Each structure stands twice: as structure tokens, then as C-alpha cells.
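Read off the chains here:
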Amino acid sequence: SNRIFLMAKSLNENSIESEVVCPFPNYPTGKLIGKYKGLYKKENIQGIMCHRLFIRPDNTKSPLKRAFSMLSFSLSLWILLFKKDIKSFDKVIVQNSPLLVSFSAIMLFKIFLNKKIILNVSDLWPQSAIDLEVMRKDSFIHKTFKRIESFNYKKSDKIIGQSQYILDHISKFTVRPNFLYRNLPFNVVDKRNKISKYDKISFVYAGLLGVAQGLLRLVKIIDKLNFDFEFHIYGDGKERKEIEDFLLDNNKIKYFGSISKKEL
């Protein structure tokens, strides 16, 4: 969400009018944040017009429940077919993954509305699922997602990716104009004097506590390291409860919950 917000904000600042289509806010808790009802709500978020759509949020490890959650948003996208302001857009940037959502968006905007599609690829699915051992290679679901992945790449007019590795992977499927877009925030950071002597090394992680981030595995490893350090964790996600349970009697590694960006 931070990357997409920064993209939309930067486009608007460069006189390229942009709006955002997204689900009702639910990330990363898996529960709706705020009092959202119905199927559609249009609202202005810090100068960016957002078209918010229904989703059945889920934050469990159940593949079926997560697939149903993605499917609910994939289907609610088609509400936009009846919105006049959406039809006036000449280019549509589609976020990939989740694959089902990007597939549905490409079907809607490319096939039905004949819009130019720019695919923004930040994760390689289903390859990441294979690497994380949450999906079996060459299984029915893996082959199905591979076909969807190929469709998404081939039907896009241009592709932007967050790493060269991602762009190299996509080139195996199709040759499309592409651009390496790391999408980093342009924050001014105060310079600090280097610390020449210290008694304790401190680490901070602030972000998603999901399976792909591997924080649970990380804390189990560094807990065994034999040197004086502190590791502070902020955020939320599927592994939160397991991390909390593991750190109940831990003095070196501390979990501080989820806080606002301003507090952080």
C-alpha cells in the first residue's frame, strides 16, 4: 500500500491525473478497518481519489480461505464496469500479485474496456509459493497459476518490476517494454555521527509479519546467537501470534505490536 500510494502521489505531482482502485481497508490484520458497508465507496485520501470495493478479508494460513478472499475482490472489481469515470481512463496500472486480482483486472480493463495495461510486478507467484514450500511443484493448482501468470504478462502492454530478477523472469514468458521501478520513498534523513564504540548492537524490523517475510524463522535463529544485542519488531500479519508466543520470556527480542507510520 505504501508503494502504490507513493506511485499515485508522484504521478499527480507530475501533472498525470491518477486515481486508485483498492479493497476496503483490511491489511494486514485480515479484518475491515473502519465502518465500510455495501459493495462500493468513493473517497479522497490525502488528495488521491480512491474507489474502494468489497472484499471478504482473511488473514489465516488456510489456502482455501485466502483464495476465497482474493476471489471476492476479483469479482467486486467488475462493479467498475458501470462507473463512467473509470471508463475515461486511458491507461491502467495493474498490481501483480495477487494473481487472481490482476487476472480479473486485465480481463476487465484490457478485454472489455480496451485500455492500455501497465503491469506492476512486485512478487513472482506462483514461484514464491514453491520457494516457500506452501505449494507443490507441478500440482494442479501450480499449473493453473502458471497459466494465469503467463496470461497476465502476455496481455500487458508494458511491465514494471521492483527488481531486475523479476524482469529477467518475465522475459522467459514474453518480450514487452519493461522498466525497473524500485519505488523508494524520497525522505530526507538527518545525518548522524558514527558511533565508534558501542556495548550493544540494536536491530529494528517494521513491516508485515507474513510467511514470505520469515520473521518467525529469523527470531528462532538469532535467539541462539552468542552476543549482546537487541531486536525490536513492529508490525502485524499471519505469524504475529506465533512470534508473540515464542518471545514470551525473551529479553533480547521484543515485539511491540503495530503502530502508526507517524509514531514509527
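Anything mentioned here points back to the structure above.
Figured I'd write up the structure that's included with this text. (Residues numbered from 1 in each chain as written. Predicted model: local features only at pLDDT ≥ 70, side-chain atom pairs only at ≥ 80, totals over all residues. Heavy atoms only, no water.)

Some remarks on the overall build of the protein chain
Here's step 1: Counting its secondary structure elements, the protein chain contains 9 helices and 10 strands.
Here's step 2: Each principal axis of the C-alpha distribution contributes one length, and for the protein chain these read about 60 × 45 × 40 Å.
Here's step 3: Taking all 264 residues of the protein chain together, the buried fraction comes to 36%.
Here's step 4: A fraction of 60% describes how many contacts in the protein chain between residues 6 or more apart in sequence connect residues 24 or more apart.
Here's step 5: Taking the 45 positively charged and 26 negatively charged side chains of the protein chain as two groups, their mean positions are separated by 6 Å. (Helix = DSSP H or I, 4+ residues; strand = E, 2+ residues; numbered from the N terminus. Buried < 20%, exposed > 50% of the residue type's maximum accessible area, 1.4 Å probe, protein only. Contact = heavy atoms within 4.5 Å. Lys, Arg positive; Asp, Glu negative; His and termini not counted. Charge placed at Lys NZ, Arg CZ, Asp CG, Glu CD.)

Some remarks on the packing of aromatic side chains
Here's step 1: Scanning the model with the defined rule gives 7 aromatic pairs in all.
Here's step 2: One aromatic cluster is present, built from ring pairs that chain together Phe203, Phe229 and Phe231.
Here's step 3: Here Lys41 stacks its cationic end above the ring of Tyr36, 5.0 Å away from the centre of that ring.
Here's step 4: A cation over a ring is seen here: Lys83 above Tyr40, with NZ or CZ 3.9 Å from the ring centre. (Phe/Tyr/Trp six-rings, centres within 6.5 Å; stacked < 30°, edge-to-face > 60°. Lys NZ or Arg CZ within 6 Å of the ring centre and 35° of its normal.)

Considering the nonpolar core
Here's step 1: Among the nonpolar cores identified, the biggest contains 24 residues, and Phe109 and Val121 are the most heavily contacted of them.
Here's step 2: Mapped by element, the contributors of at least two residues to this core are β4 (91-96), α4 (99-112), β5 (116-121) and α7 (164-170).
Here's step 3: A total of 5 residues in this core trace back to one element, the largest contributor, which is α4.
Here's step 4: Once residues within four sequence positions are removed from consideration, Val121 is found in contact with Asn96, Tyr153, Ile159, Ile160, Gly161, Gln162, Ile166 and Ile170. (Core = buried A, V, L, I, M, F, W, Y, C linked by side-chain atoms within 4.5 Å.)

Considering the pairing of β5
Here's step 1: Most of β5 is tucked away: 5 of the 6 residues are buried.
Here's step 2: On the question of chirality, the crossover connecting β4 to the parallel β5 by way of α4 is right-handed.
Here's step 3: Two strands pair when backbone bridges link them, and β5 and strand β6 (residues 158-161) are joined in this way by 4 bridges, in the parallel orientation. Bridge assignment links Leu119 to a residue of β6, and that residue is Ile159. (Right-handed = clockwise from strand over helix to strand, strands pointing away. Pairing = 2+ DSSP bridges.)

Some thoughts on α4
Here's step 1: In this model α4 runs 19 Å from its N-terminal to its C-terminal C-alpha over 14 residues, within 8% of the 20 Å that 1.5 Å per residue would give.
Here's step 2: Those residues of α4 lying buried are Leu99, Leu100, Val101, Ser102, Ser104, Ala105, Ile106, Leu108 and Phe109.
Here's step 3: Downstream of α4 by a residue or two, Asn114 has a phi angle that is positive, lying close to 55°. (Expected span 1.5 Å × (residues − 1).)

Quick look at the environment of Glu230
Here's step 1: Inspection of the secondary structure puts Glu230 in strand β9 (residues 229-236).
Here's step 2: The exposure class assigned to Glu230 is partly exposed, which follows from its relative accessible area of 22%.
Here's step 3: Note: C-alpha distance between Glu230 and Arg240 (10 residues apart in sequence) is 19 Å.
Here's step 4: Filtering out sequence-adjacent residues up to four positions away, Glu230 remains in contact with Lys200, Ile201, Ser202, Phe203 and Lys252.

Things to note about a nonpolar patch on the surface
Here's step 1: Taken together, the side chains of Phe68, Leu71 and Leu75 present a nonpolar region at the surface, about 310 Å² in accessible area.
Here's step 2: Take Leu75: it is sitting in helix α2 (residues 63-76).
Here's step 3: Exposure remark for Leu75: the relative accessible area of 58% places this residue in the exposed category. (Patch = residues over 30% accessible without salt bridge, like charges linked within 9 Å, V, L, I, M, F, W, Y side chains within 5 Å. Areas by Shrake-Rupley, 256 points an atom, 1.4 Å probe, with all protein chains shown as cover. Salt bridge = Lys/Arg side-chain N within 4 Å of Asp/Glu carboxyl O.)

Some words on the sheet that holds strand β7 (residues 178-180)
Here's step 1: Spatially, 4 strands are ordered β4-β5-β6-β7 in an open sheet, and the strand pairing comes out parallel. Two strands lie at the open edges of the sheet, namely β4 and β7, each paired on one side alone. Ignoring which end each strand starts from, the neighbouring axes of this sheet average 20° apart.
Here's step 2: On top of the sheet, helix α1 (residues 2-13) reaches β4, β5 and β6; it is set at about 165° to β4, its chief contact.
Here's step 3: With respect to the sheet, α4 is in contact with β4 and β5, its orientation differing from that of β4 by roughly 165°. (Axes fitted to C-alpha atoms, helices over the stretch in contact; angles between N-to-C directions.)

Topic: the pattern of salt bridges
Here's step 1: Applying the stated criterion across every chain yields a total of 5 salt bridges.
Here's step 2: A salt bridge links Glu244 to Arg240; the shortest N-O distance between them is 2.8 Å. Here Glu244 and its partner Arg240 are both found in helix α9 (residues 240-246), 4 residues apart, which amounts to about one turn of the helix.

A look at the sheet that holds strand β3 (residues 48-53)
Here's step 1: If you trace the 3 strands from one edge of the open sheet to the other, you get β1-β3-β2, paired in mixed fashion. Both outer strands of the open sheet, β1 (20-23) and β2 (40-45), are each paired with one neighbouring strand and no more. Across the sheet, the mean angle separating the axes of adjacent strands is 30° when strand polarity is ignored.
Here's step 2: In this sheet, β3 lies alongside β2 in antiparallel orientation, the contact comprising 6 bridges.

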